2 protein chains.
Amino acid sequence: MTENEAYADLGATTQEAMDIAETSMDIVRTFVPDETLNDRLRQKAVHSTGDIEFQHLIRCQNNPVVSGARAVLDEQPIVTDITMVKAGITGRGHDCPVKKAIGNGAELAAETGMTRTAASVLELDKQGVYEGAIAVVGNAPTGALALADCIENGTRPAAIVATPVGFVKAEESRKRIREIADEYDIPAVTNVGKRGGSGLAAALTNELIHVASDVRDGEVDLTAHE
Amino acid sequence: MTENEAYADLGATTQEAMDIAETSMDIVRTFVPDETLNDRLRQKAVHSTGDIEFQHLIRCQNNPVVSGARAVLDEQPIVTDITMVKAGITGRGHDCPVKKAIGNGAELAAETGMTRTAASVLELDKQGVYEGAIAVVGNAPTGALALADCIENGTRPAAIVATPVGFVKAEESRKRIREIADEYDIPAVTNVGKRGGSGLAAALTNELIHVASDVRDGEVDLTAHE
């Protein structure tokens with residue numbers, strides 16, 4: 001593995017950028033445990049929020065790193081709610097198609113008055129896009145709620161990353177994702193509290209990609225973590 | 001002003017989305033003062049981070065809202081550091097060209113080993129892109145440091161939004177922006193501490209656009225705030 005590949009998910013390719021990325025993750029690891037694969041999501045959350053305490057706000061269910069990294073290795077689609085989250089997904093270290101929901105389901109949104117994101121999730125689900133995919137919701141609580149409905153109706157994503165931020169419906173939407181993940185054994189990473197957002201969602205998804213790279217390089221054995 | 005226009009910067013167009021956006025900002029305003037134009041940046045920071053305490057981490061220098069909103073009304077370019085920040089800038093309520101630095105200056109980065117973002121800022125500055133523009137740095141500390149160098153060398157952006165996140169150089173880069181903003185009277189909004197990021201940078205920039213819309217609609221008079 002070249003140094004470039006090692007930091008693919010941090011977006012660093014030049015020497016200075018790699019030095020910053022390496023020092024930064026070293027600092028994170030002095031504050032966040034490095035014992036389980038799920039700890040990597042906690043580390044990444046701290047890294048992307050700049051907040052050491054954020055490690056305690058992350059919730060992992062049904063081994064999301066194992067399942068998410070497998071989906072990356074299988075080149076399953078990564079489906080984000082909005083453009084900004086899609087823009088944050090690294091282009092390197094994977095061959096997964098990266099799609100966004102927003103832009104679909106405009107008719108449904110106009111007819112019903114539901115949010116564009118919720119309508120777009122329902123529309124993509126009708127096309128089967130979420131089946132086996134990594135479903136990422138970084139912004140829209142109603143998108144997460146719609147995704148939960150799709151799962152209740154039979155859809156089985158490989159893993160969910162859900163971190164909508166804010167004061168209205170955000171916490172509630174992540175709580176619903178956790179309930180549905182429990183009920184239907186869906187691997188999921190979410191956070192508790194009102195914080196979260198697109199940057200966090202992209203960072204957590206990029207960590208799944210990074211773990212997949214480590215599997216490919218023989219540095220991580222997923223079967224040891226099941 | 002239609003309701004759609006009122007929430008243009010929150011990305012809400014359907015009834016449900018507008019209800020969420022309106023309720024959410026109402027909650028924010030119960031916790032954050034609404035007295036000065038700069039308070040709108042504090043409100044927006046709280047809204048986008050989901051953290052009421054974030055209002056205390058925002059620093060405004062030289063009236064960034066007045067200068068930023070004027071730049072929007074004058075259709076000056078909005079120049080972001082990375083793609084993710086660009087993706088977060090609303091397309092509605094303004095006719096500013098939105099550019100990103102990343103992707104420029106690849107040769108300089110390869111030659112010198114500096115980060116791609118720093119090299120891209122220096123390259124765009126050589127082309128005069130930052131003069132009179134809204135300069136937004138949401139991710140890369142070295143991009144903010146490069147921008148400070150450009151200002152020291154004579155470039156005068158209309159306003160700076162700088163919120164790099166993380167444990168290495170992020171705080172330091174924002175401190176340098178604040179020093180340079182003081183020294184050269186550049187309007188700037190930054191945050192203190194290790195937090196920040198692309199979502200915050202995009203949200204603060206969108207608030208400048210929102211204020212410009214309010215000026216256009218006769219709801220805000222910038223001359224009263226100078």
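As recorded by an unreviewed UniProt entry, chain A carries the name Precorrin isomerase and is attributed to Haloferax mediterranei. Check the Pathway (unreviewed entry) section of the UniProt entry for chain A; it says "Cofactor biosynthesis; adenosylcobalamin biosynthesis." Looking at chain A in UniProt, the text filed under Sequence similarities (unreviewed entry) is "Belongs to the CobH/CbiC family."

Quick look at the nonpolar core now. Among the nonpolar cores identified, the biggest contains 62 residues, and Leu204 of chain A together with Leu204 of chain B are the most heavily contacted of them. Residues in contact with Leu204 of chain A, not counting those within four places in the same chain, are Leu41, Lys44, Ala45, Ile58, Val161, Thr163 and Val189 of chain A.

The UniProt record marks residues 19-210 of chain A with the feature "domain: Cobalamin biosynthesis precorrin-8X methylmutase CobH/CbiC" (unreviewed entry), using the residue numbering of this structure. Helix makes up 52% of residues 19-210 of chain A and strand 11%, with an end-to-end C-alpha separation of 18 Å.

Superposition of chain B onto chain A requires a rotation of 180 degrees combined with a translation of 0.0 Å along the rotation axis, giving an RMSD of 0.0 Å. The symmetry that links the two subunits is that of a two-fold axis. Every residue of chain B has its C-alpha some distance from the rotation axis, and the shortest such distance is that of Met84 of chain B, at 2.8 Å.

Residues and elements named next belong to chain B. Strand order in this open sheet of six strands is E1-E6-E5-E4-E2-E3, and the pairing throughout is mixed. One side of each edge strand has no neighbouring strand; the edge strands of this open sheet are strand E1 (58-61) and strand E3 (98-100). When strand polarity is set aside, the average angle formed by the axes of neighbouring strands in this sheet is 15 degrees. Looking at chain direction, E1 and strand E6 (residues 188-191) are connected through four bridges and run antiparallel. When the sheet's bridge partners are listed, Ile58 is paired in E6 with Asn191. Packed onto the sheet, helix H8 (residues 141-152) meets strand E4 (134-137) and strand E5 (159-162) and runs at close to 150 degrees relative to E4.

Positive phi outside glycine occurs at Lys169 of chain A, with the angle close to 70 degrees. Tracing the sequence through the fold places Lys169 of chain A in the loop between strand E5 (159-162) and helix H9 (170-184). Unusually for a residue other than glycine, Asn63 of chain B sits at a positive phi of about 55 degrees.

With that out of the way, let us pick up the packing of helix H2 (residues 15-31) of chain A against helix H3 (residues 37-49) of chain A. All names here are of chain A. Viewed as axis vectors pointing N to C, H2 and H3 meet at an angle of 120 degrees, and their least axial separation amounts to 10 Å. Judged by the inter-axis angle, H2 sits oblique to H3. Both H2 and H3 take part in a crossing whose hand is right-handed. Contacts from Ser24, Met25, Val28 and Arg29 in H2 reach Gln43, Val46 and His47 in H3.

Take the interface of chain B and chain A next. The interface is formed by 40 residues belonging to chain B together with 40 residues belonging to chain A. At the boundary of chain B and chain A, one finds two salt bridges. Between chain B and chain A we count eight residue pairs in polar contact (both at pLDDT 80 or more) in total. For the side of chain B that touches chain A, the elements supplying multiple residues, two or more each, are helix H2 (15-31), helix H3 (37-49), helix H5 (83-88) and helix H10 (198-216) of chain B. Tallying contributions element by element places H2 of chain B first for the side of chain B that touches chain A, with eight residues.

With that settled, the discussion passes to H3 of chain A. Residues and elements named next belong to chain A. Taking 1.5 Å of rise per residue, 13 residues should cover 18 Å, and H3 covers 19 Å from first to last C-alpha, within 8% of that figure. Burial analysis of H3 places twelve of its 13 residues in the buried class, the great majority of the element. Looking only at H3, the buried set comprises Leu37, Asn38, Asp39, Arg40, Leu41, Gln43, Lys44, Ala45, Val46, His47, Ser48 and Thr49. Residues of H3 that are buried in the fold lie against H2, strand E1 (58-61), helix H4 (64-73), strand E6 (188-191) and helix H10 (198-216).

A few words now on the packing of helix H7 (residues 116-126) of chain A against helix H8 (residues 141-152) of chain A. Residues and elements named next belong to chain A. Where H7 contacts H8, the two axes come as close as 7 Å, and the packing angle between them is 30 degrees. When the axes of H7 and H8 are compared, the pair comes out roughly parallel. As for the relative orientation of H7 and H8, their crossing is right-handed in sense. Between H7 and H8, the contacting residues are Thr117, Ala118, Val121, Leu122 and Asp125 on the first element and Thr142, Gly143, Ala146, Leu147 and Cys150 on the second.

Right, let's talk about the side chain of Asn206 of chain A for a bit. Residue and element names in this part refer to chain A. Within the fold, Asn206 resides in helix H10. Its relative accessible area of 6% is what places Asn206 among the buried residues. In this structure the side chain of Asn206 is engaged in a polar contact, spanning 3.0 Å, whose partner is the backbone oxygen of Gly88. Polar side-chain contacts of Asn206 include one of 2.9 Å to the backbone nitrogen of Thr90.

Basis of the calculations
- Residues numbered from 1 in each chain as written.
- Chains lettered and ligands numbered in written order.
- Predicted model: local features only at pLDDT ≥ 70, side-chain atom pairs only at ≥ 80, totals over all residues.
- Heavy atoms only, no water.
- UniProt positions renumbered as here; feature names shortened; annotations may be inferred.
- Core = buried A, V, L, I, M, F, W, Y, C linked by side-chain atoms within 4.5 Å.
- Buried < 20%, exposed > 50% of the residue type's maximum accessible area, 1.4 Å probe, protein only.
- Contact = heavy atoms within 4.5 Å.
- Helix = DSSP H or I, 4+ residues; strand = E, 2+ residues; numbered from the N terminus.
- Least-squares fit on C-alpha atoms with pLDDT ≥ 70 in both.
- Pairing = 2+ DSSP bridges.
- Axes fitted to C-alpha atoms, helices over the stretch in contact; angles between N-to-C directions.
- Parallel < 35°, antiparallel > 145°, perpendicular 65-115°, else oblique.
- Left-handed = near helix turned anticlockwise from the far one by under 90°.
- Salt bridge = Lys/Arg side-chain N within 4 Å of Asp/Glu carboxyl O.
- Polar contact = N/O pair within 3.5 Å; in protein donor to acceptor, adjacent residues only side chain to side chain.
- Expected span 1.5 Å × (residues − 1).

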